[in-house]
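The chain contents come next:
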Amino acid sequence: MAALLFCIYIAVITGNSLIVVLFVTERSLFKPMYIIMLSLSLSDIGFCTVALPKVISRYWFNDGYITFYVCLFQRQLIHYFGTLNSLIMMIMALDRYLAICYPLRYPVLMTNRTMRLLIGLMQTVKLPFCGPNMIAHCFCDAGSINQLACADVSQQKLIAYGVAMFVLLGPFSFIIFSYVCILVSVLRIANAQGRMKAFSTCATQLTIIIIYYVPRFVVYSSSNVPNIQINSSQRIALVMFYSLLPPLVNPFIYCIRIKEVRQFFLKWCVQRNRMSLKVHRLTISK
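Residues numbered from 1 in each chain as written. Predicted model: local features only at pLDDT ≥ 70, side-chain atom pairs only at ≥ 80, totals over all residues. Heavy atoms only, no water.

1. A word on the overall build of the protein
Condition: Working definition: helices are DSSP H or I runs of at least four residues, strands are E runs of at least two. Numbering for both runs from the N terminus. The classification of residues rests on relative accessible area computed with a 1.4 Å probe and restricted to protein chains. Under 20% of the type maximum is buried, over 50% is exposed, and intermediate values are partly exposed. Here the open area of atoms and residues is found with the Shrake-Rupley method and a 1.4 Å probe, where only the protein chains shown may cover a residue.
Looking only at helices and strands, the protein features ten helices and zero strands. The buried share of the protein, taken over its 286 residues, is 43%. Counting only carbon and sulfur atoms, one obtains 67% of the accessible surface of the protein, whose full area is about 16600 Å².

Here's what the structure looks like:
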């Protein structure tokens, strides 16, 4: 388990770091869509760096202990990056909505400055903790910590559920609205090639969005909706699935499907190949 999680962590850091380096070094990518990609990559790096090292050390070195205030700090960052990802995906849907439904106004509406502006209270500390200290989760979050409190946490659970649904349902509702409008606009395109190009652009993003949101609704609703019940093992499995799969596959999907990114990597590989040939020739001539 530790080896698997370590490989996932290295893959996430490597893939998303390549996106960051690509954005910094290639001036032609200073566009709104790539600012979204950069923000998502940085958020994915942050989330996995907060969540995974402690889980890996738990399995690898049998180090399953964490101090109370470090646990609270980890919980804050976990929820921060989760909320940030939700908002970034909403901005991604807004970008595609304007690009497809209002293509002539898109350069005016979605400028780099607008994108930077768009991207740019928990009560757990007050609860008494007097008994069990075993967190039934792979990292600290509000739900797992509240279960250890020696008091009635129904109010805190209701508040946490309300905040989670607001953070998830707000962006998700806008995303659904955006993609319905995109679908209507795409169906009006007379050119079949144009329709396929628009569908191809949105299909990948929509798949990642569904993977991100649907399991989250199940996990957050399981403890508050009577008809949705899952055990702790299923809950942890779903959390790991929606937390690790998008950061793992996002860089590879963008590198494969976005033309400018593919061209940059092809150019970089050709340059490296030429440099290696020159070094080889110099070595032979000596």
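2. Observations concerning helix 1 (residues 2–25)
The condition that has to hold: What a helix should span is 1.5 Å times the count of its residues minus one.
Here helix 1 spans 34 Å end to end across 24 residues, near enough to the 34 Å set by a 1.5 Å rise per residue. Within helix 1, the full set of buried residues consists of Ala2, Leu5, Ile8, Tyr9, Val12, Gly15, Asn16, Ile19, Val20, Leu22 and Phe23.

3. Remarks on the packing of aromatic side chains
Put simply, the test is: Stacked, tilted and edge-to-face are the three classes assigned to paired rings of Phe, Tyr and Trp, where Trp is represented by its six-membered ring and a pair needs centres within 6.5 Å; plane angles under 30 degrees give stacked, over 60 edge-to-face, the rest tilted. Here, a charge over a ring means that NZ of Lys or CZ of Arg falls within 6 Å of the ring centre while also lying within 35 degrees of the ring normal.
Scanning the model with the defined rule gives four aromatic pairs in all. With centroids separated by 5.1 Å and ring planes inclined at 65 degrees, the aromatic side chains of Tyr80 and Phe81 adopt a geometry described as edge-to-face. What makes Phe81 buried here is its relative accessible area of 13%. Taken together through their ring pairs, the aromatic side chains of Phe6, Trp60 and Phe61 make up a single cluster. Lying across the ring of Tyr59, Arg58 places its NZ or CZ 5.9 Å from the centre.

4. Concerning the nonpolar core
Spelled out, the test is: The term nonpolar core refers to a set of buried residues drawn from Ala, Val, Leu, Ile, Met, Phe, Trp, Tyr and Cys, joined through side-chain atoms within 4.5 Å. Contacts are assigned to residue pairs that have any heavy atoms within 4.5 Å of one another.
The biggest cluster of nonpolar side chains holds 36 residues, and the ones touching the most others in it are Leu5, Phe47, Cys48, Leu52, Phe139 and Leu244. Contributing elements (two or more residues each) for this core: helix 1, helix 2 (32–60), helix 3 (68–101) and helix 9 (232–257). Here this core gets 14 residues from one element, more than from any other, and that element is helix 2. If we ignore the near neighbours within four places in the chain, the residues touching Leu5 are Leu52, Val55, Ile56, Tyr59, Met240 and Leu244. Within the second largest apolar cluster, 25 residues are counted, among which are Met89, Met165, Tyr179 and Ile182.

5. Considering the packing of helix 1 against helix 2
Test applied: Between the N-to-C directions of two axes lies an angle of 0 to 180 degrees, each axis being a line fitted to C-alpha atoms and, for a helix, fitted only over the stretch in contact. Any angle from 65 to 115 degrees is called roughly perpendicular, while one under 35 is roughly parallel, one over 145 is roughly antiparallel, and all others are oblique. In this scheme the crossing of two helices becomes right-handed for a clockwise turn of the near helix relative to the far one and left-handed for an anticlockwise turn of less than a right angle.
At their nearest, the axes of helix 1 and helix 2 sit 9 Å apart, and the two run at 160 degrees to each other. In terms of orientation, helix 1 and helix 2 fall into the roughly antiparallel class. Of the two elements, helix 1 crosses helix 2, and the hand of that crossing is left-handed.

6. Section: the environment of Ser233
With respect to the helices, strands and loops of the structure, Ser233 is situated in helix 9. Ser233 sits 96 residues away from His137 along the chain, and the two C-alpha atoms are 8.7 Å apart.

7. A closer look at the environment of Gly15
If you trace the backbone, Gly15 turns up in helix 1. Classification of Gly15 as buried rests on a relative accessible area of 6%. With 30 residues separating them in the primary sequence, Gly15 and Ile45 have C-alpha atoms 9.5 Å apart.

8. Regarding the packing of helix 2 against helix 3
Packed helices, taken two at a time, are described by the angle their axes make and the gap between the axes. As a reminder, the rule being used: Charged means Asp, Glu, Lys or Arg here, nonpolar means Ala, Val, Leu, Ile, Met, Phe, Trp, Tyr, Cys or Pro, and polar covers whatever is left, Gly included.
Viewed as axis vectors pointing N to C, helix 2 and helix 3 meet at an angle of 160 degrees, and their least axial separation amounts to 9 Å. Comparing the axis directions of helix 2 and helix 3 gives the class roughly antiparallel. Viewed along their axes, helix 2 and helix 3 form a crossing whose handedness is left-handed. Along the contact surface, helix 2 presents Pro32, Met33, Ile36, Ser39, Leu40, Ser43, Asp44, Gly46, Phe47, Val50, Ala51 and Lys54, while helix 3 presents Gln74, Leu77, Ile78, Phe81, Leu84, Asn85, Ile88, Ile91, Met92, Asp95 and Arg96. In terms of residue class, the contact of helix 2 with helix 3 is made up of 14 nonpolar, five polar and four charged.

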